[in-house]
Amino acid sequence: MAEFIYWIGMAAVAVSALTGVMEAERKEVDMIGATFVAVATALGGGTIRDLLLNRNVFWIADQTYLITAVLCGLIAFFVLRSREIPARWFLIPDAIGLALFTALGTQAAMQWHAPWLAASLLGVITGVFGGVLRDVLCNEVPLVMRAGELYASAAWIGALLQLGLMETGMHAVWASTVTMVAILAIRLAAIRYHWTLPAFPVKGR
Amino acid sequence: MAEFIYWIGMAAVAVSALTGVMEAERKEVDMIGATFVAVATALGGGTIRDLLLNRNVFWIADQTYLITAVLCGLIAFFVLRSREIPARWFLIPDAIGLALFTALGTQAAMQWHAPWLAASLLGVITGVFGGVLRDVLCNEVPLVMRAGELYASAAWIGALLQLGLMETGMHAVWASTVTMVAILAIRLAAIRYHWTLPAFPVKGR
Amino acid sequence: MAEFIYWIGMAAVAVSALTGVMEAERKEVDMIGATFVAVATALGGGTIRDLLLNRNVFWIADQTYLITAVLCGLIAFFVLRSREIPARWFLIPDAIGLALFTALGTQAAMQWHAPWLAASLLGVITGVFGGVLRDVLCNEVPLVMRAGELYASAAWIGALLQLGLMETGMHAVWASTVTMVAILAIRLAAIRYHWTLPAFPVKGR
């Protein structure tokens, strides 16, 4: 199981680094600026989770994650520089990162014996915080906050589902897998079918 | 005394969550986005204080704070959606949150044996950081930084007063209470009578 | 050596506080707002390094740093209010702060036995994070991310050089000194001769 979690984490780092570079492309950043956003997006969520739980920060304990984020950021920079990628492609790796990180974060918080609502929020924070950091660094209102298709809510539903499944005695690997699939499915379906939550009415501008 | 601090903290969390939703209302956020800003505003200051002091984060140790923030955020969202609230009403709960959190943060830092200037700054950080997070998330220049009526300075005066009162041997509950009243009074008087500090001259634009 | 590191740290805090106030001058902030940005710029990088390494935060353990930041911030505020300083003067203290903080951060991360790539990144974070915080607080895209002359890359080259020099057995004081000079030289030469990295092409607006 530890190995499963490990490789899922590495995959989440890789796709999140990619979304960081995709967002940075819209700003006039250079190679290192893009890598910086990639690393912040890929490692930001897990870092804040580890700080909040008072654990050792995962990418200092094992720098393979950091190497992955840096390499993916650099590769993405050179690929995106040479060819155009449609903006909406951004949403799929972002959704994958959201799903993987939320399940991993919830899992880690439960192992640390956080109470249930706190554990689910730590999962959501792990899932969304990298993207928040990416958007704040790029001087945008964070995607998670803009009214639109379910985002943090998809992560939150998934985290609560994971806690419920663990409560029934399901093995952590299965509970995490079901959760990741559920979050990804909800997020993609929400984009496809425009599922939204009640929002503040748009102010006339 | 511990119980007094506990309920004051809960009240500060509730009013701060409210200010978070009031600010989020000006942006096009949905239910979860508003709740997210509410939670960040309500728990942000205490969280950064606990991280800086290397304490266990208060809302993971006791998730009652988190439940309060989430519920107040949701209630505020639905109330504000259905009826208009004048913008200046925002300033009163914000001042209350500033007063309560600053006194609590200074108190906690002193118990942790931080030196005096650091303790007063930790109090101010606890008081203002939730609001900073709220404004950064909403992509605004933080209220604490905009030239205007005394804000962080009101908190700082209060925190230094609290340290002085504790030095004279006053009981922590009384010192905290006097501090809260003082910060609230200074802040509200500053708004009423336009007390300001020297500022950089406004650049012609 | 400990004393050398100590005074270099104090100098870095002083010049960073200065850059914070210079940046804040362009916004309509008051005395406390300017001091707040000064303190965040001066202490932000080292604070995030200490949080990531799970060390005690340096300015709570020894508040001399904090006193230095507050005083430098206040003095800079009154000096800048009374006379005009050309904007490009900002770049020199900023480069000095970058050089000093990066070397100090890398040094601290190595003493804490972080692996090499993580140690170099912690050095870069210590060097740039204060400035990132300054720019986020002032609602600007961080200087580190804007395409332009080598910035984080200068710091990264320096941090890797420092790790290499330490590996050869060079004394920490000398390795740090060489590193600081190298980062400062690269950054200033990059500004003078417009050394840049490959960047995303500017989008037509």
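It should be noted that the structure appears before, not after, this text.
Predicted model only: the values in this text are computed from it and were never measured.

Going through the model one piece at a time under the given rule, you end up with 15 aromatic pairs over all chains. Aromatic side chains B:Phe58 and B:Tyr65 sit 5.1 Å apart centroid to centroid with 75° between the ring planes, which places their arrangement in the edge-to-face category. Its relative accessible area of 13% is what places B:Phe58 among the buried residues. Taking the relative accessible area as the measure of exposure, B:Tyr65 reaches 11% and is therefore buried. Through a chain of ring-to-ring contacts, the aromatic side chains of A:Tyr6, A:Trp7, A:Phe58 and A:Tyr65 assemble into a single cluster. Over the ring of B:Trp112 we find B:Arg55; its NZ or CZ atom is 5.4 Å from the centre of that ring.

As a further point, take the relation of the copies chain C and chain A. Least-squares fitting of chain C to chain A yields an RMSD of 0.0 Å, with the transformation described by 0.0 Å of translation along the axis and a rotation of 120°. The transformation relating the two chain copies, once decomposed into turn and shift, fits a three-fold axis. When the interface residues of chain C are mapped onto chain A, a mere 11% of them are again interface residues, pointing to distinct binding faces.

At the interface, 33 residues of chain C touch 35 residues of chain B. At the boundary of chain C with chain B, the tally comes to zero salt bridges. The tally of links from chain C across to chain B stands at two residue pairs in polar contact (both at pLDDT 80 or more). Elements supplying a minimum of two residues to the side of chain C that touches chain B: α1 (2-24), α2 (31-52), α3 (58-61), α4 (64-82) and α6 (116-137) of chain C. Among the elements that line the side of chain C that touches chain B, the one with the most residues is α2(C), at nine residues. Tallied by class, residues from the side of chain C that touches chain B come to 21 nonpolar, six polar and six charged.

On to helix α6 (residues 116-137) of chain A. Residue and element names in this part refer to chain A. Here α6 contains 22 residues, and its C-alpha end-to-end distance of 31 Å stays within 8% of the 32 Å for a straight helix at 1.5 Å per residue. When the local axis directions of α6 are compared, the greatest deviation, roughly 40°, occurs at Val 128. The buried fraction of α6 amounts to 19 of the 22 residues, a majority that puts the element mostly inside the structure. Downstream of α6 by a residue or two, Asn 139 has a phi angle that is positive, lying close to 60°.

About the criteria used
Residues numbered from 1 in each chain as written. Chains lettered and ligands numbered in written order. Predicted model: local features only at pLDDT ≥ 70, side-chain atom pairs only at ≥ 80, totals over all residues. Heavy atoms only, no water. Phe/Tyr/Trp six-rings, centres within 6.5 Å; stacked < 30°, edge-to-face > 60°. Buried < 20%, exposed > 50% of the residue type's maximum accessible area, 1.4 Å probe, protein only. Lys NZ or Arg CZ within 6 Å of the ring centre and 35° of its normal. Least-squares fit on C-alpha atoms with pLDDT ≥ 70 in both. Contact = heavy atoms within 4.5 Å. Salt bridge = Lys/Arg side-chain N within 4 Å of Asp/Glu carboxyl O. Polar contact = N/O pair within 3.5 Å; in protein donor to acceptor, adjacent residues only side chain to side chain. Helix = DSSP H or I, 4+ residues; strand = E, 2+ residues; numbered from the N terminus. Nonpolar A, V, L, I, M, F, W, Y, C, P; charged D, E, K, R; others polar. Expected span 1.5 Å × (residues − 1). Bend = angle between axes of the 7 residues up to and from the residue.

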